[in-house]
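The chain contents come next:
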Amino acid sequence: MSSDQQETTTTTTTVDGSGTTTMRATTAATTTTTTFSSQRLRINPNNEHRPESYEDLKLDFPSAVYSSLEKYLPQQILVSTRDDKVKFMTDIMLRHLPHGERSRAQRHSVYRQKIITNYQPLHKELYTLAPMQCFVPSFIKAINESSEKSFRSIISEPSPGVFVFDMLQPSFCEMMLAEVENFEKWVGETKFRIMRPNTMNKYGAVLDDFGLDSMLDKLMESFIRPMTKVFFSDVGGATLDSHHGFVVEYGKDRDLDLGFHVDDSEVTLNVCLGNQFVGGELFFRGTRCERHVNTTTKPDQEIYDYSHVPGQAVLHRGRHRHGARATTSGHRVNMLLWCRSSVFRELKSHQKEFSSWCGECFCEKKEEKGRALDALRKKLVKAVSAPQA
């Protein structure tokens with residue numbers, strides 16, 4: 001074997017039609033390369049490290065995501081080349097995308113560029129976030145102070161983990177509605193086939209796809225993350241680094257309702273943009289991890305229904321089970337931002353214990369603790385009752 005080669009062993013796992021899993025190991029001589037397949041992200045960020053800029057590169061994800069994630073890289077990769085760091089971080093983010101969305105992410109850059117090249121925005125001011133024109137004064141004040149006290153002053157928590165607050169100016173809502181309508185009109189006239197927000201909604205549009213991704217990045221990083229850092233630290237609220245932004249439409253000739261589900265996000269922002277409508281209430285039924293997503297709702301503490309108000313936002317964990325009742329008349333449009341954390345997803349994949357934020361895990365942990373205390377109590381009673389020698 002030459003000096004620039006090394007022996008590598010690859011284990012391949014396959015599953016046949018009967019569900020039988022087989023593993024096959026092969027050994028080959030390959031050119032020496034730097035491999036980080038066994039490396040994991042750091043649990044605690046290296047806050048003294050100054051991340052590189054990735055704005056000059058063509059990447060699968062926004063450049064800001066890479067700069068944010070870099071602080072969590074293990075030391076061996078942190079001192080590597082920028083190309084190695086990009087590959088490592090991209091592999092992590094792709095690994096945590098659902099399979100269908102993984103292939104979608106890989107072809108999205110061409111798709112988006114085709115839209116942005118041909119679509120003419122109606123309100124260009126929407127594409128750069130101007131806080132005074134976008135948000136109500138109380139929200140801006142709370143964000144500027146950036147403390148739990150300031151956030152609590154504008155927020156209500158009608159049900160555990162569901163936060164409600166006034167957020168958007170009526171004029172901003174009107175512009176966003178007009179922009180979405182203009183985009184839908186362009187789609188119809190050009191017969192351009194667009195991707196809908198998700199597998200559940202047949203109507204609506206992905207805001208990132210027609211140029212609003214930078215604006216939504218700023219919204220998440222500067223205005224939502226300060227809040228989620230305080231209220232959702234247990235699900236990566238402090239490390240949100242990517243998003244999926246879209247609008248959904250309900251009413252006559254649109255989607256009618258939305259079934260019981262969880263979001264592919266760590267934290268979800270849901271803001272009603274408006275129009276006149278009746279119905280469409282959000283119903284929440286408790287937060288669950290993947291293992292417990294179909295377990296029974298606890299009626300005394302997990303049932304909550306919310307009625308939409310234009311300009312008002314709802315912030316909740318993505319794993320908080322919810323759905324939307326039928327919009328019985330009128331037309332309702334909501335803007336949603338699914339906020340995600342690559343760090344949280346990577347660390348969660350190695351988690352073996354209970355999830356602190358899952359209602360069912362909480363009960364299981366409480367029951368396990370009770371059983372342990374009961375066993376200890378019986379052991380002590382038995383020791384005290386035993387005859388002395």
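Residues numbered from 1 in each chain as written. Predicted model: local features only at pLDDT ≥ 70, side-chain atom pairs only at ≥ 80, totals over all residues. Heavy atoms only, no water.

(A) Representation of the overall build of the chain. Helix and strand counts for the chain come out as 11 helices and 14 strands. Out of the 389 residues in the chain, the part that is buried amounts to 44%. A separation threshold of at least 6 residues defines the contact pool for the chain, and within that pool the share at least 24 residues apart is 77%. In the structure as shown, the chain presents an accessible area of about 21,200 Å², 51% of it carried by carbon and sulfur atoms. (Helix = DSSP H or I, 4+ residues; strand = E, 2+ residues; numbered from the N terminus. Buried < 20%, exposed > 50% of the residue type's maximum accessible area, 1.4 Å probe, protein only. Contact = heavy atoms within 4.5 Å. Areas by Shrake-Rupley, 256 points an atom, 1.4 Å probe, with all protein chains shown as cover.)

(B) Inspection of the sheet that holds strand 13 (residues 320-324) at higher detail. Spatially, 4 strands are ordered 7-13-10-11 in an open sheet, and the strand pairing comes out antiparallel. One side of each edge strand has no neighbouring strand; the edge strands of this open sheet are strand 7 (258-261) and strand 11 (304-306). Neighbouring strand axes in the sheet, compared pairwise and without regard to direction, differ in orientation by 20° on average. Relative to strand 11, strand 10 (residues 282-287) runs antiparallel, the two being bridged by 3 bridges. Its bridge partner being in strand 11, Phe284 is matched across the sheet by Tyr304. (Pairing = 2+ DSSP bridges. Axes fitted to C-alpha atoms, helices over the stretch in contact; angles between N-to-C directions.)

(C) Looking closely at the environment of Cys361. Relative to the helices and strands, Cys361 is located in helix 11 (residues 359-385). Here Cys361 falls in the buried class, since its relative accessible area comes to 1%.

(D) The arrangement of helix 9 (residues 213-231) in detail. The sharpest bend along helix 9 measures roughly 50° and falls at Ile224, with the proline Pro226 sitting one to four residues further on. Met215, Leu216, Asp217, Leu219, Met220, Phe223, Ile224, Pro226, Met227, Thr228 and Phe231 are the residues of helix 9 that are buried. (Bend = angle between axes of the 7 residues up to and from the residue.)

(E) Looking closely at the side chain of Asp217. With respect to the helices and strands, the residue Asp217 is situated in helix 9. The buried charged residue Asp217 lacks any salt bridge partner; its closest oppositely charged side chain belongs to Arg112, at an N-O distance of 8.0 Å. When residues no more than four places from it in sequence are discounted, the contact partners of Asp217 are Pro62 and His243. (Lys, Arg positive; Asp, Glu negative; His and termini not counted. Salt bridge = Lys/Arg side-chain N within 4 Å of Asp/Glu carboxyl O.)

(F) Just the nonpolar core, in detail. Among the nonpolar cores identified, the biggest contains 63 residues, and Phe135, Phe139, Met167, Leu168, Leu219 and Leu269 are the most heavily contacted of them. Among the elements of the structure, helix 4 (99-118), helix 6 (137-145), strand 4 (162-166), helix 8 (170-190), helix 9, strand 8 (267-274), strand 12 (312-317) and strand 14 (327-340) are those that each provide at least two residues to this core. The element best represented in this core is helix 8, accounting for 9 residues. With near-sequence residues (within four places) excluded, Leu168 lies in contact with Cys134, Phe135, Val136, Cys173, Val271, Leu273, Gly311 and Met335. Tyr54, Tyr72, Phe88 and Met89 belong to the second largest nonpolar core, which has 17 residues in total. (Core = buried A, V, L, I, M, F, W, Y, C linked by side-chain atoms within 4.5 Å.)

(G) The arrangement of the environment of Asp83 in detail. If you trace the backbone, Asp83 turns up in helix 3 (residues 82-95). Separated by 26 residues in sequence, Asp83 and Leu57 place their C-alpha atoms 9.9 Å apart.

(H) Inspection of the pairing of strand 12 at higher detail. With 6 of 6 residues buried, strand 12 is to be regarded as a mostly interior element. The pairing of strand 4 with strand 12 spans 5 bridges and is classified as antiparallel. Its bridge partner being in strand 12, Asp166 is matched across the sheet by Gln312.

(I) Region of interest: the environment of Ala326. Its place among the elements puts Ala326 in the loop between strand 13 and strand 14. By relative accessible area, Ala326 is classed as partly exposed at 25%. Apart from residues lying up to four places away in sequence, Ala326 is in contact with Leu256, Asp257, Val278, Gly279 and Gly280.

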